[in-house]
Amino acid sequence: MTVESEMFLEPPSAVDDNSLTNSLQFIEEMTINTDPVQENVLAEILSQNAETEYLKRFGLNGATDRETFKSKVPVITYEDLLPDIQRIANGDTSPILSSHPISEFLTSSGTSAGERKLMPTIHQEMDRRQLLYSLLMPVMNQYVPDLDKGKALHFLFIKAETKTPSGLVARPVLTAYYKSEQFKKRPFDPYNVLTSPNEAILCPDSFQSMYTQMLCGLIMRHEVLRVGAVFASGLLRAIRFLQLNWAQLAHDISTGTLNPKITDPSIRECMSKILKPNPELADFVTKECSGQNWERIIPRIWPNTKYLEVIVTGAMAQYIPTLDYYSGNLPKPCTMYASSECYFGLNLKPMSEPNEVSYTIMPNMGYFEFLPHDDSSPITLSRDSPPKLVDLADVEIGKFYELIITTYSGLCRYRVGDILQVTGFYNTDPQFKFVRRKNVLLSIEADKTDESELQKAIENASELLKEFNTSVVEYTSFADAKSIPGHYVIYWELFIKDSSNPPSDGVLNQCCLVMEESFNTVYRQGRVADNSIGPLEIRVVKNGTFEELMDYAISRGASINQYKVPRCVSFTPIMELLDSRVVSFHFSPSPPHWAPERRR
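Remember, predicted model here, so these are calculated numbers, not experimental data.

Asker: Just to check I follow, could you spell out the nonpolar core for this structure?
Answerer: Generally speaking, soluble globular proteins have nonpolar side chains that are buried together. Judged by nonpolar contacts, the single largest core of 155 residues is most densely connected at Leu242, Ile298, Phe368, Phe370, Trp492 and Met515. Here this core takes 11 residues from helix α11 (residues 232–255), the largest share from any one element. Apart from residues lying up to four places away in sequence, methionine 515 is in contact with Leu454, Ala457, Ile458, Ala461, Ile490, Trp492, Leu536 and Ile538. Counting 12 residues, the second largest nonpolar core, distinct from the first, contains Val489, Val541, Phe546 and Leu549.

Asker: Can you help me understand the side chain of histidine 154 in this one?
Answerer: Within the secondary structure layout, histidine 154 lies in strand β3 (residues 151–155). Histidine 154 gets classed as buried once you look at its relative accessible area, which sits at 12%. Aside from chain neighbours lying at most four places away, what touches histidine 154 is Leu194, Ser196, Gln213, Arg226, Val227, Gly228 and Glu309.

Asker: What should I look at first to understand helix α20 (residues 572–580) in this one?
Answerer: One full turn of an α-helix is made of 3.6 residues, so residues set three or four places apart face in the same direction. All of the buried residues along α20 are Ile574, Met575, Leu577 and Leu578. The buried residues of α20 occupy an angular sector of 155° when the element is viewed end-on, so they sit on one face. Considering only its buried residues, α20 is in contact with β18 (470–480), β19 (487–496), β20 (537–541), α19 (545–555) and β21 (582–587).

Asker: Got a minute to help me understand the packing of α11 against helix α13 (residues 279–289) in this structure?
Answerer: Between two packed helices, both the angle of their axes relative to each other and the distance between the axes serve to describe the pair. Taken N-terminus to C-terminus, the directions of α11 and α13 make an angle of 165°; their axes are 8 Å apart at the nearest point. When the axes of α11 and α13 are compared, the pair comes out roughly antiparallel. Taken as a pair, α11 and α13 cross one another with a handedness that is left-handed. Here Leu242, Trp246, Ala250, Ile253 and Ser254 of α11 lie close against α13, whose contacting residues are Pro279, Leu281, Ala282, Val285, Thr286 and Cys289. Classifying every residue of the contact of α11 with α13 gives 9 nonpolar, 2 polar and no charged.

Asker: Explanation requested: the pattern of salt bridges in the structure shown.
Answerer: Pairing is possible between side chains that carry opposite charge, provided their charged atoms lie close to one another. All told, the structure shown has 36 salt bridges when counted by the stated rule. Notably, a salt bridge pairs arginine 581 with glutamate 548, separated by 2.5 Å at the nearest N-O pair. A residue pair is termed long-range when its members are at least 10 positions apart, and arginine 581 in the loop between α20 and β21 and glutamate 548 in helix α19 qualify at 33 residues. Residue classification places arginine 581 among the partly exposed residues on the basis of a relative accessible area of 23%. Residue classification places glutamate 548 among the partly exposed positions, given a relative accessible area of 30%. What emerges from the salt-bridge pattern is a single network uniting Asp35, Arg66, Lys70, Glu369, Asp391 and Arg413.

Asker: Just checking my understanding: could you explain the pairing of strand β13 (residues 400–406) for this structure?
Answerer: Across a regular strand the side chains alternate sides, sitting on one face of the sheet and then on the other. The buried fraction of β13 amounts to 6 of the 7 residues, a majority that puts the element mostly inside the structure. Note: β13 against strand β14 (residues 414–426), 5 bridges, orientation antiparallel. If you follow tyrosine 401 over to β14, its bridge partner there is leucine 420.

Asker: Would you explain the packing of aromatic side chains in this entry?
Answerer: Note on aromatic pairs: each is described by the distance of the centres and the angle between the planes. The final tally for this structure, using the stated rule, is 21 aromatic pairs. Residues tyrosine 177 and tyrosine 178 carry aromatic rings whose centres are separated by 6.0 Å and whose planes lie at 55° to one another, so their mutual orientation is tilted. Judged by centre distance (5.6 Å) and plane angle (70°), the rings of tyrosine 488 and phenylalanine 519 are edge-to-face. In this pair, tyrosine 488 is assigned in strand β19 and phenylalanine 519 in the loop between α17 (505–518) and α18 (521–528), connecting sequence segments 31 residues apart. As far as the burial class goes, tyrosine 488 and phenylalanine 519 line up, both buried. Arginine 186 extends its terminal NZ or CZ atom over the ring of phenylalanine 183, reaching a point 4.1 Å from the ring centre. Here arginine 567 stacks its cationic end above the ring of tyrosine 475, 4.1 Å away from the centre of that ring.

Asker: Help me out: how do you make sense of empty space enclosed by the protein in this one?
Answerer: Regions of empty space are outlined by a rolling probe, equal in size to a water molecule, passed over the atoms. Applying the stated criterion to the full structure yields 4 cavities of 30 Å³ or more. Estimates place the volume of the second largest cavity at around 50 Å³. Around the second largest cavity sit Leu106, Met119, Pro120, Thr121, Glu125, Arg129, Ser340, Glu341, Ser409 and Leu411, which together line it. Mapped onto the lining of the second largest cavity, the elements with two or more residues apiece are β2 (115–121) and α6 (123–141). Ranked by the residues each element gives to the lining of the second largest cavity, the list is headed by β2, at 3 residues.

Asker: For this particular structure, what's the right way to read the sheet that holds strand β7 (residues 307–311)?
Answerer: One key point about sheets: their strands pair by backbone hydrogen bonds, in either a parallel or an antiparallel sense. Read from one edge of the open sheet, 3 strands run β3-β6-β7, paired in parallel fashion. Both edges of this open sheet fall to β3 and β7, since each of them pairs with a single strand only. Between one strand axis and the next, the sheet turns through 20° on average, direction left out of account. The pairing of β3 with strand β6 (residues 224–231) spans 5 bridges and is parallel. For phenylalanine 155, the partnering residue across the bridge sits in β6 and is alanine 229.

Asker: Any chance you could explain the sheet that holds β21 here in plain terms?
Answerer: Read across the sheet, 4 strands follow the order β18-β19-β20-β21 without closing on themselves; strand pairing throughout is mixed. Whereas interior strands pair on both sides, the edge strands pair on one side only; in this sheet they are β18 and β21. Each strand axis lies, on average, 25° off the axis of its neighbour in the sheet, ignoring direction. Across 5 bridges, β19 lies against β20 in parallel orientation. When the sheet's bridge partners are listed, glutamate 493 is paired in β20 with valine 541. This element, helix α16 (residues 451–462), spans β18 and β19 of the sheet and lies at about 135° to β18.

Asker: Please explain the confidence of the model for the protein as it appears in this structure.
Answerer: In regions of low pLDDT, the predicted coordinates are not meant to be interpreted in detail. Per-residue confidence for the protein averages 88 on the pLDDT scale, and 92% of its residues sit at or above 70. For residues 1–14, every residue scores under 50 in pLDDT, and the model assigns this stretch 41 contacts once sequence neighbours within four places are set aside.

What counts and how
- Residues numbered from 1 in each chain as written.
- Predicted model: local features only at pLDDT ≥ 70, side-chain atom pairs only at ≥ 80, totals over all residues.
- Heavy atoms only, no water.
- Core = buried A, V, L, I, M, F, W, Y, C linked by side-chain atoms within 4.5 Å.
- Buried < 20%, exposed > 50% of the residue type's maximum accessible area, 1.4 Å probe, protein only.
- Helix = DSSP H or I, 4+ residues; strand = E, 2+ residues; numbered from the N terminus.
- Contact = heavy atoms within 4.5 Å.
- Arc of directions from axis to C-beta.
- Axes fitted to C-alpha atoms, helices over the stretch in contact; angles between N-to-C directions.
- Parallel < 35°, antiparallel > 145°, perpendicular 65-115°, else oblique.
- Left-handed = near helix turned anticlockwise from the far one by under 90°.
- Nonpolar A, V, L, I, M, F, W, Y, C, P; charged D, E, K, R; others polar.
- Salt bridge = Lys/Arg side-chain N within 4 Å of Asp/Glu carboxyl O.
- Pairing = 2+ DSSP bridges.
- Phe/Tyr/Trp six-rings, centres within 6.5 Å; stacked < 30°, edge-to-face > 60°.
- Lys NZ or Arg CZ within 6 Å of the ring centre and 35° of its normal.
- 1 Å grid on protein atoms, 1.4 Å probe; cavity = no way out; pocket = protein on both sides within 12 Å on 5 of 7 lines; lining within 4 Å.
- Points joined across faces, edges and corners; volume = space filled by probe spheres on them.
- pLDDT = per-residue confidence, 0-100.

Encoded structure:
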């Protein structure tokens, strides 16, 4: 069966019952015809990009079939592609990766040499992303009725962007979407009415943006049917913002005047039409927020909230208990699976529990292959002997895979770095649980820190200890999600040769800052510009603590010959053991240096 390619880019407009039905029918057609759609997508990509320099390197000679593609085109990482990306960034407009002009770079939260990765994209990809967005509410409407009878309080923000030497803009994928004409001039959709005005979402000042969005959410509190942010951590930051700023917000509501700290002219203009004196609402906000009890604050302030719309899979799962406290255990559907490189799919059972979330990859979004994954015996990739990858329709339930993508923008057999587990099928289309990012050790929000980066940061900080004849004997870490914002915690066991001259608290605080300075730009932007990460903390533990940790692991069955100190911990008994041995706490005394990357 052949599925025509024009079906791929016609997003059904979710504005009435008929179009909702059409959207659901579109999902059925895609998932019934998974393999034929995938075959056509690959053929379309290879045909479209046949004259590109990249495909010509491997001698495809215009071939568009799977067998030739798999036998000739290698599986690659970002580092393999970096020379081509740098050429594009520096102004080479020849068809290197894509036959269509590269419209901008999307910056990935993964890093290369301390900088965000640059993902080339083309204008047509915005339509493809918009297509996936258009399918979310038709699916959700099956589980939660009457979502067209109110609004969504979504805390949405743009982030810093820069330009390459050629003038191409480089920015995060959601910033690109919010700044696009598709978003700014989107048609009215009763299922997607936001309380936040575009002017607030597009304001680059994070305080002014958050303040305005929170103010609008309070003013329209009875109309709010769902509350959310992109990440769970972002919604918790919004609650913390309310805790810190409720008095000024209540003052604005009572008087109908806008906080003078809000200086953005476009925000002031749009708020002049929204903000009117409402002493009764101001009294309500004061009553709810002035006390110490913030349990169930979300349904108390927004009583018609049906669910929270946040990502709580992967690293974000650590925030679930805090979200439950503030929301009274409201459902937390995870609706969509996407990245800077490609938008992948959606959750067809959005009201499932976070630990049961599975995403159905839509076969029209790109060409997807899967590398079987086993932590105990990792596969070594070689261009001389390409690995046998599994097609989307041929993955097996229960098995783990690393996701490999081929996109219309020119990525070919690219390793995204996501580890997925197959949980089942919807029609002929597999469903996947997101397990983790490959090699990521610590993460609070968009940041991703791996073991080698943590090790390097420890080494740099240890330099400050040398004049005190002190060294770091062992260390481990965890991402503390109980604080708002969350922060990295590093446990150090120190060897102090001269007990009469130990490193001072000030020196150990400075060690925290040196570690932060050593981390990548995504981490430092979260600390400095986005306020999404709190100051790094070092907890010094008693001598012998890590021996106790080993004894505990061995008592639970670990081999004494194969035991390695875990560089990141999350198991509650281990963390309780570590915390019971802490002798001092130290925090970074100031934010690390950060400025938008200057692309060379």
